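Report on the structure
For reference, the chains in residue letters:
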Amino acid sequence: MALVPYVETAEMGLQRFHKPLATFSFANHTIQIRQDWKQLGVAAVVWDAAVVLATYLEMGTVELRGCSAVELGAGTGLVGIVAALLGAHVTITDRKVALEFLKSNVQANLPPHIQPKAVVKELTWGQNLGSFSPGEFDLILGADIIYLEETFTDLLQTLEHLCSNHSVVLLACRIRYERDYNFLAMLERQFTVSKVHYDSEKDVHIYKAQRRFLREDL
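Residues numbered from 1 in each chain as written. Predicted model: local features only at pLDDT ≥ 70, side-chain atom pairs only at ≥ 80, totals over all residues. Heavy atoms only, no water.

Examining the overall build of the protein chain
Each helix and strand counted, the protein chain has seven helices and nine strands in total. Counted over contacts in the protein chain with a minimum sequence separation of 6, partners at least 24 positions apart contribute 68%. Put simply, the protein chain shows about 10200 Å² of open surface, and 49% of that area lies on carbon and sulfur atoms. (Helix = DSSP H or I, 4+ residues; strand = E, 2+ residues; numbered from the N terminus. Contact = heavy atoms within 4.5 Å. Areas by Shrake-Rupley, 256 points an atom, 1.4 Å probe, with all protein chains shown as cover.)

Regarding the nonpolar core
Ranked by internal contacts, the top residues of the largest apolar core, which has 46 residues, are Leu78, Leu139 and Leu170. Per-element tally for this core: the top contributor is helix 2 (residues 48–58), with eight residues. With near-sequence residues (within four places) excluded, Leu139 lies in contact with Val62, Leu64, Cys67, Ser68, Ala69, Val70, Val168 and Leu170. Counting 28 residues, the second-largest nonpolar core is a separate cluster that includes Ile145, Cys163, Phe183 and Ala209. (Core = buried A, V, L, I, M, F, W, Y, C linked by side-chain atoms within 4.5 Å. Buried < 20%, exposed > 50% of the residue type's maximum accessible area, 1.4 Å probe, protein only.)

Topic: the packing of helix 5 (residues 152–162) against helix 6 (residues 178–190)
In the contact formed by helix 5 and helix 6, the axes pass within 11 Å of each other and the chain directions differ by 35°. Handedness of the helix 5/helix 6 crossing: right-handed. Together, Phe152, Thr153, Leu155, Leu156, Leu159 and Glu160 of helix 5 and Arg179, Phe183, Met186, Leu187 and Gln190 of helix 6 make up the contact between the two elements. Looking at the contact of helix 5 with helix 6 residue by residue, the classes come out as seven nonpolar, two polar and two charged. (Axes fitted to C-alpha atoms, helices over the stretch in contact; angles between N-to-C directions. Left-handed = near helix turned anticlockwise from the far one by under 90°. Nonpolar A, V, L, I, M, F, W, Y, C, P; charged D, E, K, R; others polar.)

Thoughts on the packing of aromatic side chains
Applying the stated criterion across every chain yields a total of three aromatic pairs. One residue, Lys121, lies across the ring of Phe132, its end atom 4.1 Å from the ring centre. (Phe/Tyr/Trp six-rings, centres within 6.5 Å; stacked < 30°, edge-to-face > 60°. Lys NZ or Arg CZ within 6 Å of the ring centre and 35° of its normal.)

Points about the pairing of strand 2 (residues 29–34)
Bridge count for strand 1 (residues 21–26) against strand 2 is six bridges, and the pairing is antiparallel. Bridged to Thr23 within strand 2 is Gln32. Between strand 1 and strand 2, which pair antiparallel and follow one another directly, the connecting turn spans two residues, one of which, Ala27, has a positive phi of 50°. (Pairing = 2+ DSSP bridges.)

Considerations on the sheet that holds strand 8 (residues 191–199)
Strand order in the open sheet formed by seven strands is 5-4-3-6-7-9-8, with mixed pairing between adjacent strands. The sheet terminates laterally at strand 5 (118–122) and strand 8, the two strands that pair on one side only. Going across the sheet, the axis of each strand differs from the next one's by a mean of 20°, ignoring polarity. Summarising the sheet, strand 7 (residues 163–173) and strand 9 (residues 204–211) pair through five bridges and their orientation is antiparallel. Residue pairing in the sheet places Cys173 in a bridge with His205 of strand 9. Packed onto the sheet, helix 3 (residues 78–85) meets strand 3 (68–72), strand 4 (89–94), strand 5 and strand 6 (137–143) and runs at close to 170° relative to strand 4.

This is the structure we're talking about:
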């Protein structure tokens with residue numbers, strides 16, 4: 001995954017990405033996310049998909065207390081932070097170049113008694129999977145991570161490795177291009193996939209995926 005500038009519609013503009021702080025309210029906490037577009041590009045700003053996924057988690061549809069969760073391509077870490085505030089034990093991951101920035105946001109926004117529930121860890125999709133136990137997580141989270149076609153195979157390999165027979169994957173994304181549909185088609189070859197939420201204001205979908213053979217066992 002290259003940290004490259006991300007193309008957005010002109011009407012939306014990039015002004016909000018250049019703000020040094022983005023402030024949110026989740027789980028009865030004020031969360032202030034530091035942004036750094038100039039240095040880290042897409043990895044260091046809060047995308048709508050992260051806000052929508054964090055909102056979905058706060059709805060309580062997924063039981064987070066005591067849950068073992070991982071966030072992929074976390075960037076600023078908003079989703080992982082919210083999951084930890086809601087009671088999950090979260091491993092918040094990104095590539096090495098983004099880790100210090102990610103760690104600073106996690107530490108700044110989690111109270112001391114919750115910080116042990118959140119671990120920041122390097123994960124480059126398809127590469128250092130050996131540092132994660134197969135099927136280690138109950139819940140796999142990803143916000144706006146489906147956009148570089150050259151990463152799709154590695155991302156699928158990573159999901160396969162991290163999922164157990166009972167794991168749930170939640171992916172929040174805006175469907176922009178044909179390649180986004182291509183990824184969903186690839187995902188459906190290995191997982192049962194359903195759309196569980198759509199935010200019409202932000203035009204963000206949330207897809208739920210589980211290992212395909214679960215349905216065959218029923």
